[in-house]
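Listed here are the chains, written in short residue letters.
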Amino acid sequence: MFDLNGRLALVTGAGQGIGAGIAKHLAGQGARVLVNDVVAEKAEASAAAIRDAGGNAEALPFDVTDREAVVAALASHELDIVINNAGNAGAQPMQPQPFREMDPARWDGPLEVNLYGVMNTTHAVLAGMCERGHGRLITIASGAGVIGLPIGVSPYGAGKGGAISFMRHMAIENAAFGVTANSLALGLMEMTEVHDEKLVASLSRSIPRGRMGTGDDIGPACIWLASDEANWVTGQTIHVNGGSLTT
Ligand SMILES: NC(=O)c1ccc[n+]([C@@H]2O[C@H](COP(=O)([O-])OP(=O)(O)OC[C@H]3O[C@@H](n4cnc5c(N)ncnc54)[C@H](O)[C@@H]3O)[C@@H](O)[C@H]2O)c1
């Protein structure tokens, strides 16, 4: 079950963090993986780590917010699986702030990567998937795209919420062509750049399962959604969050 041999997958923003974990898991299940990141060195290192572990991966650096670059990079690949993982605030760090105090110039980064980035990759691969009668679109979203939060991330939440809605429309428009489209709404995840043990412990206590998530929690969910066995699962938003409340 869940065999991905013969499948070609793209994971965006897979140079580190959750995306690198997803790419590793897809390769472990037999997929050939195109490891994308806007930072070429990160994409190369992540792909090399997969190859060192015996998997089939190559780096494919581009910026998901640059539609022409996305089209150029993907034109020659017949993709079966696209994992839209590049997110957060894109190449910039997240700068949480209440919306009423926020400079409108700060809306663009989260919206571009979390919504337009997903639309750019989807548009570049969708016609080919429909022609071949098979495709898996999976967007890595967030609880912030489903519920309101008091942590100053409203443009991010709007981008994720938009992407979740976009996946639902893709599911309906393309169901007859064998293309499924789903979102995973993640909860609090271990972050590459956070090394504050007290903060990690306090955040972990707020999660029913008692710890933050990792790429090893998300990779298997992607394997399932990408598999032939998930053929009848489409238009869904699945919370993968250690049991945190989502209403
Ligand atoms: N970390 C969390 O707590 C958390 C929670 C819920 C959802 N998520 C979502 O999970 C996904 C992965 O999160 P993470 O914390 O592993 O991310 P991260 O910030 O650690 O890594 C993201 C990677 O994407 C790359 N990237 C940024 N902008 C890009 C662009 N325009 N084009 C291509 N690559 C780009 C970065 O260089 C980086 O290597 C994101 O979509 C994020 O919004 C994260």
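Scroll up for the structure.
Here the structure is a predicted model, which is why all the values come from computation and not from measurement.

S.K.: Residue-level account of the packing of helix α3 (residues 67-74) against helix α4 (residues 108-132), with values.
M.R.: Relative to each other, α3 and α4 sit at 35°, their axes nearing to 9 Å. Between α3 and α4 lies a crossing whose hand is right-handed. Where α3 abuts α4, its residues R67, V70, V71 and L74 lie against N120, T121, A124 and V125. A breakdown of the residues in the contact of α3 with α4 according to their chemical character gives five nonpolar, two polar and one charged.

S.K.: Give me the lowdown on the pairing of strand β6 (residues 179-186), citing residues and values where you can.
M.R.: Most of β6 is tucked away, with eight of its eight residues classed as buried. Burial along β6 is two-sided: the residues V179, A181, S183 and A185 and T180, N182, L184 and L186 are all buried. Looking at chain direction, strand β5 (residues 135-142) and β6 are connected through eight bridges and run parallel. Within β6, the position partnered with G135 by the bridge is V179. Each parallel crossover has a hand, and the one from β5 via helix α5 (residues 154-174) to β6 is right-handed. Taken together, the four bridges between β6 and strand β7 (residues 237-240) define a ladder with parallel strand orientation. Within β7, the position partnered with S183 by the bridge is T237.

Conventions and cut-offs
Residues numbered from 1 in each chain as written. Predicted model: local features only at pLDDT ≥ 70, side-chain atom pairs only at ≥ 80, totals over all residues. Heavy atoms only, no water. Axes fitted to C-alpha atoms, helices over the stretch in contact; angles between N-to-C directions. Helix = DSSP H or I, 4+ residues; strand = E, 2+ residues; numbered from the N terminus. Left-handed = near helix turned anticlockwise from the far one by under 90°. Contact = heavy atoms within 4.5 Å. Nonpolar A, V, L, I, M, F, W, Y, C, P; charged D, E, K, R; others polar. Buried < 20%, exposed > 50% of the residue type's maximum accessible area, 1.4 Å probe, protein only. Pairing = 2+ DSSP bridges. Right-handed = clockwise from strand over helix to strand, strands pointing away.

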